Structure formats: structure tokens, C-alpha cells
Amino acid sequence: MTPLNTFGAIMTQAIGLEQGLADYYERAGNNDRASACARRRQKMMRIRREAVLEITLEAIDGLDSDDYALDLEDVSENGQARAASTAARFYREVAPGINVRQARRALERAAREHAGQ
Amino acid sequence: MTPLNTFGAIMTQAIGLEQGLADYYERAGNNDRASACARRRQKMMRIRREAVLEITLEAIDGLDSDDYALDLEDVSENGQARAASTAARFYREVAPGINVRQARRALERAAREHAGQ
Amino acid sequence: MVERLRNYIGGEWVEAGVREWSPVHNPATCELLAECPESSAADVDLAVQAAREAFGEWRRTPVLERAQFMHHFKNLVEDRFDDLSEVVVRENGKTLDEARGEVRRGIESIDFGIGVPFMMRNDGVEDISSGIDETTVRQPVGVFAAITPFNFPFMVPIWFLPTAITCGNTFILKPSPQTPLSMQLTCELIDELDLPEGVVNLVHGGVTSAQAIMEHPGIAGVSFVGSSPVAKIIYETCTRNGKRVQAQGGAKNYIAVLPDADMESSVKNVLGAAYGCAGQRCLAAAVAVGVGDAYDRLRDELVKQVAGLRVGYGLDETSQMGTVVSAQARERIVNMITEGEREGATISLDGRDLQVEGFEDGMFVGPTILEDVTPEMSVAREEIFGPVLSLMRADSYDEAVELINRSNYGNAASIFTSSGAHARDFKYRVNAGNIGVNIGVAAPSASFPFGGQKDSFFGDLHGQGLDSIDFFTDRKVVIERWFEG
Amino acid sequence: MVERLRNYIGGEWVEAGVREWSPVHNPATCELLAECPESSAADVDLAVQAAREAFGEWRRTPVLERAQFMHHFKNLVEDRFDDLSEVVVRENGKTLDEARGEVRRGIESIDFGIGVPFMMRNDGVEDISSGIDETTVRQPVGVFAAITPFNFPFMVPIWFLPTAITCGNTFILKPSPQTPLSMQLTCELIDELDLPEGVVNLVHGGVTSAQAIMEHPGIAGVSFVGSSPVAKIIYETCTRNGKRVQAQGGAKNYIAVLPDADMESSVKNVLGAAYGCAGQRCLAAAVAVGVGDAYDRLRDELVKQVAGLRVGYGLDETSQMGTVVSAQARERIVNMITEGEREGATISLDGRDLQVEGFEDGMFVGPTILEDVTPEMSVAREEIFGPVLSLMRADSYDEAVELINRSNYGNAASIFTSSGAHARDFKYRVNAGNIGVNIGVAAPSASFPFGGQKDSFFGDLHGQGLDSIDFFTDRKVVIERWFEG
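With respect to the overall build of chain C
- When helices and strands are tallied, chain C shows 16 helices and 22 strands.
- Against the 2.2 N^0.38 benchmark of 23 Å for 485 residues, chain C shows a C-alpha radius of gyration of 23 Å, consistent with a compact globule.
- Taken across its 485 residues, chain C has 64% of its residues classed as buried.
- Long-range contacts, defined here as pairs at least 24 residues apart, represent 73% of the contacts in chain C between residues at least 6 apart.
- Carbon and sulfur atoms provide 47% of the accessible area of chain C, an area that totals close to 17200 Å².

Focus on the pattern of salt bridges
- Evaluated as defined, the whole model comprises 85 salt bridges over all chains.
- In this structure, Glu57 of chain D engages Arg101 of chain A in a salt bridge whose closest nitrogen and oxygen atoms are separated by 3.4 Å. Of this pair, Glu57 of chain D sits in helix 1 (residues 41–60) while Arg101 of chain A is found in helix 4 (residues 101–116), placing the two residues in two different chains.
- Taking the relative accessible area as the measure of exposure, Glu57 of chain D reaches 30% and is therefore partly exposed.
- Judged by its relative accessible area of 29%, Arg101 of chain A is partly exposed.
- Arg299 of chain D is paired through a salt bridge with Asp296 of chain D; the nearest N and O atoms lie 3.6 Å apart. With Arg299 of chain D and Asp296 of chain D both in helix 11 (residues 294–307) and 3 residues apart, the pair spans about one turn of that helix.
- In this structure Asp296 of chain D comes out as partly exposed when scored by relative accessible area, which is 34%.
- Each of Asp296, Arg299, Asp300, Glu371, Asp372 and Arg393 of chain C takes part in a single network of salt bridges with overlapping partners.

What about the interface of chain C and chain A?
- Counting residues at the interface gives 25 residues for chain C, matched by 19 residues for chain A.
- Scanning the region where chain C abuts chain A turns up 2 salt bridges.
- The residue Glu78 of chain C makes a salt bridge to Arg49 of chain A at a minimum N-O spacing of 3.0 Å.
- Among the elements of the structure, helix 3 (81–92), helix 4 (96–114) and helix 10 (263–275) of chain C are those that each provide at least two residues to the side of chain C that touches chain A.
- Here the element with the most residues in the side of chain C that touches chain A is helix 4 of chain C; it accounts for 8 residues.
- Of the residues assigned to the side of chain C that touches chain A, the class counts are 6 nonpolar, 6 polar and 13 charged.

Describing the side chain of His462 of chain C
Residue and element names in this part refer to chain C.
- Note on placement: His462 falls in the loop between strand 21 (457–459) and helix 16 (465–471).
- On the basis of relative accessibility, which here comes to 16%, the residue His462 falls in the buried class.
- Reaching out from His462, the side chain makes a polar contact with the backbone oxygen of Phe450 at a distance of 3.1 Å.
- Beyond its immediate chain neighbours, meaning those up to four positions away, His462 contacts Gln246, Pro449, Phe450, Gly451, Gly452, Phe457, Asp467 and Ser468.

Re the sheet that holds strand 5 (residues 123–129) of chain D
- Pairing in this open sheet of 3 strands is antiparallel, and the strands run 5-6-22 (chain D) from one edge to the other. Looking along the sheet, the strands with just one partner apiece sit at the ends: strand 5 and strand 22 (473–480) of chain D. Across the sheet, the axes of successive neighbouring strands diverge by a mean angle of 20°, strand direction being ignored.
- Of the pairings in the sheet, the one linking strand 5 of chain D to strand 6 (residues 132–140) of chain D comprises 4 bridges and is antiparallel in character. In the sheet register, Val125 of chain D faces strand 6 of chain D, and the bridge partner there is Glu134 of chain D.
- Running over the sheet, helix 15 (residues 420–429) of chain C touches strand 5 and strand 6 of chain D and is turned about 95° from strand 5 of chain D.

A word on helix 10 of chain C
All names here are of chain C.
- Helix length check: helix 10 (13 residues) gives 18 Å between terminal C-alpha atoms against 18 Å at 1.5 Å per residue, within 8%.
- Among the 13 residues that make up helix 10, 10 are buried, leaving the element largely enclosed by the rest of the structure.
- Inspection of helix 10 places Met263, Ser266, Val267, Asn269, Val270, Leu271, Gly272, Ala273, Ala274 and Tyr275 among the buried residues, and these make up the whole buried set.
- Backbone geometry just downstream of helix 10 places Cys277 in the positive-phi region, at approximately 55°.

A short note on the interface of chain D and chain C
- On the chain C side, the residues contacting the 30 residues of chain D number 30 residues.
- Interface area lost by chain D to chain C is led by Phe118, Arg424 and Trp482 of chain D, which between them contribute 25%.
- Counting the contacts that link chain D with chain C gives 4 salt bridges.
- There are 17 residue pairs in polar contact (both at pLDDT 80 or more) connecting chain D and chain C.
- Counting residues per element, the ones that place at least two in the side of chain D that touches chain C are helix 2 (63–79), helix 4 (96–114), helix 5 (116–119), strand 5, strand 6 and helix 15 (420–429) of chain D.
- Top element by residues in the side of chain D that touches chain C is helix 2 of chain D. It accounts for 6 residues.
- For the side of chain D that touches chain C, the residue count by class is 12 nonpolar, 7 polar and 11 charged.

Structural notes on unusual backbone geometry
- The phi torsion at Asp372 of chain C lies on the positive side, around 55°, for a residue other than glycine.
- Positionally, Asp372 of chain C belongs in the loop between strand 15 (368–371) and helix 13 (378–381).

A short note on the relation of the copies chain D and chain C
- If you rotate chain D by 180° and push it 0.0 Å along the axis, it lands on chain C with an RMSD of 0.0 Å. Both chain copies can therefore be described as sitting about a two-fold axis. Measuring from the rotation axis to each C-alpha of chain D, the shortest distance belongs to Gly115 of chain D, at 2.5 Å.
- The share of interface residues of chain D whose copies in chain C are also at the interface is 100%, consistent with both copies meeting through the same surface.

A word on the domain arrangement of chain C
All names here are of chain C.
- According to the domain assignment, chain C contains domain 1 (3–249 + 456–479) and domain 2 (253–437).
- Relative to domain 2, the C-alpha centre of domain 1 lies at a distance of 31 Å.
- In this assembly, 24 residues from domain 1 lie in contact with 27 residues from domain 2.
- For the pair domain 1 and domain 2, the summed buried surface comes to about 2000 Å²; carbon and sulfur atoms form 61% of the total.
- On the domain 1 side of the interface with domain 2, the three residues burying the most area are Pro27, Ala28 and Ser456, jointly 23% of the side's total.
- Our enumeration of links across domain 1 and domain 2 arrives at 1 salt bridge.
- Between Glu317 and Arg100 there is a salt bridge; the shortest N-O distance is 2.7 Å.

Reading the values: the criteria
- Residues numbered from 1 in each chain as written.
- Chains lettered and ligands numbered in written order.
- Predicted model: local features only at pLDDT ≥ 70, side-chain atom pairs only at ≥ 80, totals over all residues.
- Heavy atoms only, no water.
- Helix = DSSP H or I, 4+ residues; strand = E, 2+ residues; numbered from the N terminus.
- Rg over C-alpha atoms; globule rule 2.2 N^0.38 Å.
- Buried < 20%, exposed > 50% of the residue type's maximum accessible area, 1.4 Å probe, protein only.
- Contact = heavy atoms within 4.5 Å.
- Areas by Shrake-Rupley, 256 points an atom, 1.4 Å probe, with all protein chains shown as cover.
- Salt bridge = Lys/Arg side-chain N within 4 Å of Asp/Glu carboxyl O.
- Nonpolar A, V, L, I, M, F, W, Y, C, P; charged D, E, K, R; others polar.
- Polar contact = N/O pair within 3.5 Å; in protein donor to acceptor, adjacent residues only side chain to side chain.
- Pairing = 2+ DSSP bridges.
- Axes fitted to C-alpha atoms, helices over the stretch in contact; angles between N-to-C directions.
- Expected span 1.5 Å × (residues − 1).
- Buried area = accessible area lost by both parts, 1.4 Å probe.
- Least-squares fit on C-alpha atoms with pLDDT ≥ 70 in both.
- Domains from an automatic or database assignment.

So, in C-alpha cells, the structure goes:
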């Protein structure tokens, strides 16, 4: 139980998720996805830095990191599909909690990208 | 005979000079001077980029790179003193030809630094 | 042994010539982080000499070139963003998000500094009289100093520094001795900029150093942010010593919640305004006035939402609120809550005894709600500077405005409503320098002046925005005619 | 096979749907660098669709966030500074210093774009009438396009792009087909910015593409820099099609040298003004008017200094002057010199037959001085756009001013003098948009409007400076009153 109850907690989770997936896809030999994850990780780090506005920090509730655990052992096609789907769901569900447009848009886009893979 | 007749020619000469001296001092085991040269090289590169103002480009005359040849073989104390003195003279003599204050000041400072070493 | 901080004067890190040191603690872990010197008048004088010496050459450095330094500065701060945010958490106690938000707001002020060449402009009239032209020339003034508080150890100094120096002045910074580390690290970055020596100087200390700054004849102007009593002293002492001064004081910010407000969204925002930075900001919401039947709904929604707030160590990203700055601060806040209770307020959420697991000695005060507060109670009048929100009732919108305007402070006030008419009237009538409409923390962006009225501000020109260009420059008028030879 | 350039539309590199290609040459080495498509109306339409689609979301992106993209853009350009400078040299022929200067000036325009949040401001009056507030709201307009020339392939597009998009518009760029590579590389950098797709679009081409831009109803405004006849066409066509337009044309810039000028320093500067970028700039000095006995001293000093100028390949840093842009340009310039000779001018320095060792086929024209030029000669009236300086005599200062004001052009004019009275009079009376006082190239910094009068400019709002904020935004007036509920 680690609540995703702050902007930073969500962005840090996203950064960790992309890092984990980048390594995972690399092990799976899927270099395109691996590098897409690495790029998104950079972007999420930038957003954690740039989109944090002290005046609009509001508590976020109802989200927990346990709900988005990834199985990074199974590198099969199915395993990859499940990982992508969990990542997409993570982004889809956390995006509405973020009240900074730039960040929310990036999270929504990440959801689409993972879903589209 | 390579004339130092443009802002870029002078700055490029300075960059090469610092690079050469950085390697030289490293060979001579003089790490402090080597790293000072490396820092100055960075600075000269920045100045070549930042201090070039299209509206104040004026031809420069009377300077030639042959007048500032360094002997980078002799790493003795004397050799080092000669190298430093040539570098200082280079900066002292080229500085007045530069009509951009920021650049001229950096060159004058480099002259003092080499002379002071 | 713990690090003893040094001053940064004339481009060198130098030891203060003193024997007095104050400890810098992490208010959550109580770890001793460093010792801060109480610089003497002689130390301040060294900084002034360095700054005065630097002024001649710096003033002649073209403004576009001065602005380039701010570009490099911004890039360094971006590179070290995470480190700076962590330092803020460690010395101040706020959460990592709050610290990041603070560093980001500081960067906005650097951006504003980058824009100085577009704002520090002369103007003129040709042929103001026959053959005579008149021009104002904006020029830097000399050496400026800033005396800054503990609550935003990165942001507040950076409100002033970039604009001051990009306008061509040189600068002395004296951060709070409770939180000197953010500026210590920042000055390490500034040292990498290759600015001419003496353009930026850092002097650590408290009252003695501040006094020396106020009295030094070589300093042209002082920016101050702190409590109102000190702001008043700073204002009076600096003006008596012939200086420009802008002194931002304390606050008691009211929020009026009208019956037609979107209550859930409003409370979410009010909560951030009241408990963000553990209430330690001069724009914090201190009193929420529920108008008519809004009061009960406001209280219910507030208690519900606030109860879920997670208090903890700032570096744990699941913490939604951190500590207050020190044991003294905690004691003062707790005493004020107790005093409010004694005066008749109801405590519907009590943060006085909050313990955080693993940080049992930490300076935590939990989010606190005082109900049925009336205007004469101390908790309605005095600045608490902690995570305490007082709730007051008003029968009508007009009564709410009267309550607000009765305050001695005038930093910020907000209204939550869906009525355009009330919003307009609120902006028009309320005596506060920053007005929020459905925004609980009415924090001006870097390019707007940081308002403040009544005891919340002493001076003519506010910090930030075009006011700061005016503060950091003087306009010389040139009247010019040429005789034909 | 040589690279065939693609357009950058909606965030993708796409092939133009055409069969026409024009070669891009290095004018010094004659190497074929690339082939540039002549994009059709359909290609332009694709770009407009992408830009229009992007506009809705981009406009809603907060201005401070838009400005952050310009920060990143600046950093990328700084990182690739040397590469960009080299590309400019390769496709345009100027020297490396000139190219660096150009990239630097472009960066200044990015800096200005970063400052847009401080300049794109609303204003208003409270109680303009009883209970009524009036406000102007600055809003972006839509899709803007720029049609830019070969002589500053990096700088001129960047005069417009950063401000246009930071104001919230989306953008289409059509660089000169003679020098498309600088913008090709620049758009590769822009692609790294992670801007929303379609905010910046690049369409390669010449007349056909330009015509399509002028006529497309989806484009709100056009910025143009080029020759006066084309500027006039652009102005008329765009206005007929309901667009905003700013069209900068050609020039014939005069420099008046008075007997009291510091001759050696003046000539050093005049020389840069006349021969910098091989005279291919709209601020180049074309005619130097020697007043009274200044003429002979001016000529002697000029001939002396110019003779020492080293012409060569731009990438060789000892070259002080490079090529002109193309064989056609060289032919035109040589013919104009010959025509000047035929009309009675004396050639005291003749660059027509200059050969540069190792670059025998390069498009070199040596620095040329024509003496005893009179106002009716073609070399005094028409833009040469090459390294040719015409010398004219004037008996008095007044006669010099009359000569200058007789020109059809009004881009720039400079005076070299030590007399304050003459400088003031010159600023006051001379009909040119950019005035230099002891400065030969009166090039406005990015935060000043790039002036231009008579046939040198068509439009109301100049490029750069606050004019550009006005050009790239519209002001909506809001008159507002609220009825008490």
C-alpha cells in the first residue's frame, strides 16, 4: 500500500514504471519499445520538474501503486501485452487527478502510447 | 603564416592554444594548470559563440599565429615558464583588436592568468 | 564535525570573522545539518566593498550580456533541480512537491530576469519643445541587499536577485539563519557562472547582520520578506538611512466561501491554501468565512477532506504535509491553538499532539480546524503561521467583506463563488494586495507585482514584476538640445 | 545520390508531392548539397491543415509553458551552434564569423520569444464608467507564415518563429529554395522539442509555394523579407486575401561621413558595413557620401583598408569576406559594376575578376569601390546586393541629407561625425527606418522593431520588438458589468 496521493508520487511512479519497462523490453529484445520507454522516462522527469506549480498543488486520493504492479518476468508476447495494458491503465487512471494541463496531457498521451503498442 | 585577422580566427587560436597547453601541462604532471587551461578552453568556446555580434564585426590586422608558436616538448620548469609567457603575450596582444567588451575582457584576464602562473 | 557555513564575498568563500554560530536543523529528523555564522558588521562591510567594487564594471556590461548569465543560471538550477528541492525539504520541513513547486517558482523569477532587457527601457519624446528632446534613461542604482525568511529559502531570495543584477546592480543576500543551505547551494551554482567577482555576495547571519545591512551607507536598497513587526523596523531603519526599501510583512488571509460556490472543488483548493507548506506562507489561508448556509457545508467538507491528509517527512513522497520549521515555531502554534480554545473556539480537528511514526521528535503540527471563531479572538486577528484554519460565520456577503477589511493585514484574500457580480465586487472592495477568485493561494507570477496592503507591506514598489524594474533602476531625465556649429 | 529535402508538417517529415526540384549549391565549392522541392498548393494546404488543427490546443497552452519550449529551443541551438553556423556558410557563402554572428542574432530573437509572457499583456481600466470595467485581452490570431530570403537563412526565419508561436499562434515557414538547409537543421531541432504536432511546419519551395501561402484562406498573416518588387506583390496579394502582412523589401543605404568624423575608426566600421556578408544584406552600406574635404580622406582610407581584405572560402577562418550566393547573383553584380563604369563612375577597386586559389569556380566578387558616383547613375539608385560601395561627394551636410532622402528606399542610414548637432539633425530628418550614429550597420536588436520606410517596407507593424507582439496578437476589448443578483 503506497498511496499515489501527490503529484510527485504519481510522477515518480511513472518514472519508475518507464525505467522498469525500458529494462524489461530490452530483455525481451524489443528495442523500439525499450527506447520509447526511455524517452518517456525523460519526459516524465521533465514534467515532474516543470509542471509542479506551488499554487495548484492539491491532494489526490483514491489511487494506490499496488494496483499497477507489473509482471516484469514474463517476456512473452502475452506478457508484453499485459505489461503494456497495465501501464496504459495506470496513466489513464492517474491523469484525471492531475490539475496541471501540461502534465495531464502528457499522462494521457502516455496512456495512448502504451495502449497503442 | 596564418593571419589572425578575424574574431573567429583569434578565438579559435585561443581554443587550440588552451587545448595544447592542457595536454602539455598534464604531461608535465602539472594538474592544476592543466585543468585551468581546460576551463579556459571551455570559456573561450563560449565566448566564440556568445560574443560574436554581426553588427560589430570588423577586420583585424597585424597579427599572425606564427608569432605565438609554443614549444610543447620541453616540460621543464623553464619550458613551462616560456610556454606561459608566450600564452600571456598572445592574449595581451590580441585583446586590443577585439571590439566586443566581454571578449576583450576575457582575453585580458587570460593574459593575466597565464602571466601569473 | 558538522559543516560551518562560509560567506561568499567577492567570488570567494570566506569565513565570517565571528564566534557566534547557530545550528541548522532538519525539523523532521532533528539532524544537525550545519552551523550558520552570525556575521558581524565587519563581514557585511566586506561584502559591501566587494559589491561596490564590482558595480562599476558590471554596470557597463551590456544588458543582453547580463541576461545571458541568467540563462546559464537557469540551466544550472534546472540541472540541480532535484538537489535544490531536497535541500529545501531538509532545512525547511515542507514536502518534496512543495519544495519542487518553490524551486519552479524561483526559476520563473530567473525567467523574469532573463526578460529584463525588454523591460528596462528608456523612453522619450522628440521635440518636447522646439528642437529639444527629452528622454528618461533607466540606470542601475548600486548595491542592493535582500533579507529573506525561512519559509521559502530558495524562492524568496530569487524573487530579487536575478532582476537586481540583470538591471546592472550588485547584490548582497542574507538568508534566514534557520534555512541558509538552499542559498549556500545556489551560490555554489552562481560561482560556476563566471560572473565578475562581487556581483553576487552571500552573508549569513541573523539580527546583527540584518542591522548592519540596514545601516550600511554603501547599500542603496533593501528587499525584505518576513513578519510585519520586523518589516516595519526594516522600513523605518532603511528609510532613515537613506535607502530604497520594499518590506513585505505578515498576513492573515481570509477566504470567503459563498453559498453558490462549487463546494467540493472549493474545499480541495482551500485545503491546499490552508495547509500547504504547513501554513507557513504569507499567502496561506488563515480564516475561511462561510456565508449563510455555506458555513455548514464548508465545515463538513473541510473536516472530511482534511482528515485524510497525510502528514509526514517531506522526503517521503506520500506525505501531503510536512513539519513546521522549528521547536519554537511548533510551541508558538500549539499555544495559539490553545489560546483560541480558551477564547471560545471549538477545535473540530486538533493537530497539537500529532505523532509521525519514525519521526517522533519531528516538528509536526497536524492540520487543525477551529470552529465558531469570532473577530475579536486572537486566532482571528494574529498571524499563526502554521497549519491552522479558523472558520467564521457571516450572515451575508457584505458582512464577510467587512470581516475581511477589518483585518490589520492586507496580503491576500480569496472568494469562492460562481457569481460574477460578487467576484467583481470582491476584487473592487477588498483591501488586500492579492485577490483570488476560486483560487485559495493568490500567488502572483513572477511578472506581476507581489501585492500587499496595510501592515502586510511597507514601501512603494512591490517585489516582482515591473515594480521590481522600477525598484532596481533609477530614471534619469535627459533634456537635450544642440547648437548648430 | 544527393539528399532530396522533405517538408516538416504536423510533426512528420513528409515528401512534397511534386516533380520539380531545384539544386542547392555551396557557392564557394560548387558542391551540390541537396535538392529542394517546389512544394505545390496542395503541400501548402497540408501544412495549413496541420497548423490549424494544432492551434486550438496550443492556444490553450499557458504562455509560460509555451515560453519554456523556447528555452529548450535556445539550449538546443546553443548546443548545435557550430553546426548551424557551418550550414549557413555552406549554403550561403558568407564567412564563419558572419554565420556565427547570424546564429547569435537568431538566438537573440529566441530570447525575445522567451520574454513574450512579459510583453503579451492585457490592460484595462476599472470603473471606466460607473460599475463598468474595460479590458483589452491579447489573444493569438491563428496560423502565420513566413517567406524568408537567402541572405540570412537562419536569422530571418527566427525573427518571426519564436514570437509567433510563443504568442500562441501556429506557424508555417518557407525558406529560400537557395538556402533551405539551415531551416532543415533547425526544424530537426524543433522536432526534438516535443512541441505539439503542427505548431511549427516547414514547407520548401519558391514562387509556387509562396503564391499558395499568399492565397490560402487558412493563413492569418504573412511575414516577408526579400526584394522590394516582391515585397510589394506580397503586400498587395496578402492584403487582398484578407491577411495581416509585414513585408520588408530592399534597400540602398547611405552613409554620410562628415569632416569631423574619426576617419580611421569610421572607415573600419564602414568597411564592415559595406562588405560584410559580401554586401548581401538589407542593412549593407551601399553609398558613402563624403562631405566636403572628408571625401578625399574617406576614399584614401577606404582604398587602403579595403585592399587588405582577404576574400576566401567562408569555412577558412582567415577569410574576411566570402562569396555571393549564386552564379546569377555574381553576374548581376558584375554587370551593375560595368554599367556604373559605363555611366561615368571610376572604379578605384575592382572585384569583378577576383579568383580565389583552390576555389576557382566559386561565386566570388571582390570588394569594389566606385568613385565619383552621381545621383542619377544606376549604381546610386538601384540595389546591387553585393560587395560594391559607391562614393559620392556632397559640398555640405545638408546636401548629403538631401541625397539620402532622394532615395526610393528607406531602410537604413548612418552618419559618422563627432558633432552632436549633426547627429541629432540626422536622426530627425533622414527618412530611413534604422539610423546609425557612428555605426555602419544599424541593425536593431531583437527587442526593437526592424524599421523601414518608403519602398523598403510595406505594412504597418515592423518585424521584431513590440511591433511583433502586436502583429502576432489581436486585442479584444471586453466591456464588463455585473448585475447584482
